[in-house]
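Close look at the chain arrangement
What follows is each chain in one-letter form.
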Amino acid sequence: MKSRKVSPFSFIWQVIKPYKVAYFIMMLAPFASGIFPVIYNYAVKLLIDLFSKESHITFSQSLKPILVFIGAQALLDVAWRLHNIAQLKSMPYILENMLCKICEHCFNLPYTYFQNHFSGAIVAKIKGIGDKYYKIHMALEHHVSKPFLITVFSGCALAFTNLHIFLFIVGFTLIYSPLAYYFFYKLSKIEGERQESWYHLFGTVSDRISNIFNIFFFARKKTEIQKIKDYYKDTHNPITIKFYKYDLIISIILAIIYWIFNIALFVYVIHLRNQGIITIGDIAFIMALTFAFMDSSWNATMQIKDFLEDIAAFKSAYSIMEVEECTIDKDNACDLVVNSGEVIFKDLTFSYADGSVVLDKLNLHIKPGQKVGLVGHSGAGKSTLISLLLKNFKPDDGQILIDHQDIADVSSDSLRLNLTYIPQDVILFHRSIGENIEYAKENATQEEIEQAAKHAKIHDFIMSLKDGYKTLVGERGIKLSGGQRQRIAIARAFLKNTRILIIDEATSSLDSATENDIQHSFNKIFDSNNTTVIAIAHRLSTIKHMDRIIVLENGHIVEDDLFKELLQKHDGKFRALWEHQVNGMIG
């Protein structure tokens, strides 16, 4: 289903909406923080005015300023305790909701997106959305809201206390704020560029960590470090330096304006007092409010600068949410039902984005329970054919039918639930061996897991480990050999036990004895449940006993026959592949 693009702030609202009442209560607390300095300074003004009129004051005379102060403190404490309760009831679930929505979106991105982007950069953006949202939330809750609200409330109090001072400050604000916003907006744009550069850099570092053993084996540590340094020198540092230079210039300009205003304010307050326009208590109140206003407005300005940078960084990370989800399924896609396992490729055509044709009107009928081998040189179209069957891509034209159901009309999930795919390059989760096997069948029993492992000839190895089936395999299964990872993938296939099995040279990393054992296990299960098998073969000896062997060349089927029959064709393509293979592998 095609997803509708959602703006960053609409996305945030979607996440917050279920907890909007608690969120609203949370955001009331900054208002209490904003008005507290005004009420506090007003209480001080009342006390100063009392002492300036009387040499001795009674408790009843000071009751009003005391109550004003206590009321302000009580308001502040109650508001923030309510904030804590509301935060407890909302924030953990808001962050959970956000991450789940992000992951759900990313899991539905097109197959090609993951082919064309660094996984590290994708993870960095997923993390960046949550991190930057939290920074934006904290800014609104504390860093921006408090100084901003103090500025607003102090300004209002000044307007009621002394209009002259208020107008003086408004004049400053009208000069200062637009100038600051202009500078900060430009700075936020540079920050967006810096974040994109950082995500790319993080992705390349992640790619290097994933390939750390290649770096070791080819002694390329210095080369890879130099490439990172080159990226910093040519791309990342120029943007970062531009950011810091601009930040320095802005800070100097705004600081000069700020100090000019401070000096002018002092002179103006002295002038008002000399004219008898304000009292001593007024001076204390006005100066306290004025400097609260000025200090808060300066802090608010600096925080707004950081806030705009955080928004730019959030938008940069959020760009992954603006990638359209995979639209390979129709809106009304139904579930695939497989009873026999018949597969038909009908006039199938597929081209790459650059226009080069991979498959051209290919027709292939695989009967239920047939074992079919696919062979051909690299680029012949074998993997593309399997990818189209797995619905990783859409064909340009033609149909793929499973038990007379066009896979274009069924959901991808139901299709893949009814197929078992064993890749040549097996990547495992950083979980236990048992969990990795169980992944093929949710809630599988331990007995079922062990039985599948026995069929894959890996049970004895697992039991020889200290923690047995609870042994962690490491990231991507790095603690296991390639052959052991493949046998776990084969165990998954036995456990899933579907009517259609797709094998991409699943035994290529195994020794001959283990390969023969697994082949016997395969044959036994295939014969017992009439499984349809489609096997891509690089080692031609592995498909000797297949019912049919399909030879692909330039996206066309050029031969289709039994193993023995194909070898007897003197000018045949399969015979040429057989004679030219190196160590049993197609060269």
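Details of the structure are given in the entry above.
Residues numbered from 1 in each chain as written. Predicted model: local features only at pLDDT ≥ 70, side-chain atom pairs only at ≥ 80, totals over all residues. Heavy atoms only, no water.

**Some points on the pattern of salt bridges**
Counting across every chain of the model gives nine salt bridges. Ionic pairing is found between Lys125 and Glu196, a salt bridge with its closest N-O pair at 3.4 Å. Separated by 71 residues along the polypeptide, Lys125 in helix 5 (residues 119-143) and Glu196 in helix 7 (residues 163-210) bring together distant segments of the chain. Classification of Lys125 as buried rests on a relative accessible area of 12%. (Salt bridge = Lys/Arg side-chain N within 4 Å of Asp/Glu carboxyl O. Helix = DSSP H or I, 4+ residues; strand = E, 2+ residues; numbered from the N terminus. Buried < 20%, exposed > 50% of the residue type's maximum accessible area, 1.4 Å probe, protein only.)

**So, the pairing of strand 2 (residues 357-366)**
Relative to strand 2, strand 1 (residues 343-351) is paired through six bridges, and the arrangement is antiparallel. When the bridges of strand 2 are listed, Ser351 appears paired with Val357. The hairpin turn running from strand 1 into strand 2, its antiparallel successor, is five residues long, and Gly355 in that turn takes a positive phi close to 95°. (Pairing = 2+ DSSP bridges.)

**Some details on the packing of aromatic side chains**
Evaluation of the coordinates by the stated rule reveals nine aromatic pairs. Each ring, one from Phe11 and one from Tyr318, has its centre 5.4 Å from the other, and the planes form 50°; the classification is tilted. Of this pair, Phe11 sits in helix 1 (residues 8-16) while Tyr318 sits in helix 10 (residues 280-318), placing them 307 residues apart in sequence. A single burial state applies to Phe11 and to Tyr318, both of which are buried. Measuring from ring centre to ring centre gives 6.1 Å for Tyr19 and Tyr93, while their planes differ by 25°; the resulting arrangement is stacked. Taken as a pair, Tyr19 in the loop between helix 1 and helix 2 (20-53) and Tyr93 in helix 3 (residues 59-107) lie far apart in primary sequence, 74 residues in all. Relative accessible area serves as the criterion here: at 25%, Tyr19 is assigned to the partly exposed category. Residue placement shows Arg431 over the ring face of Phe429; its charged tip is 4.1 Å from the ring centre. (Phe/Tyr/Trp six-rings, centres within 6.5 Å; stacked < 30°, edge-to-face > 60°. Lys NZ or Arg CZ within 6 Å of the ring centre and 35° of its normal.)

**Points about the packing of helix 5 against helix 6 (residues 145-161)**
As a packed pair, helix 5 and helix 6 sit with axes 5 Å apart at the nearest point and diverge in direction by 35°. Contacts between helix 5 and helix 6 involve Ala139, Leu140, Glu141, His142 and His143 from the first element and Ser145, Lys146 and Pro147 from the second. Among the residues forming the contact of helix 5 with helix 6, the class breakdown is three nonpolar, three polar and two charged. (Axes fitted to C-alpha atoms, helices over the stretch in contact; angles between N-to-C directions. Contact = heavy atoms within 4.5 Å. Nonpolar A, V, L, I, M, F, W, Y, C, P; charged D, E, K, R; others polar.)

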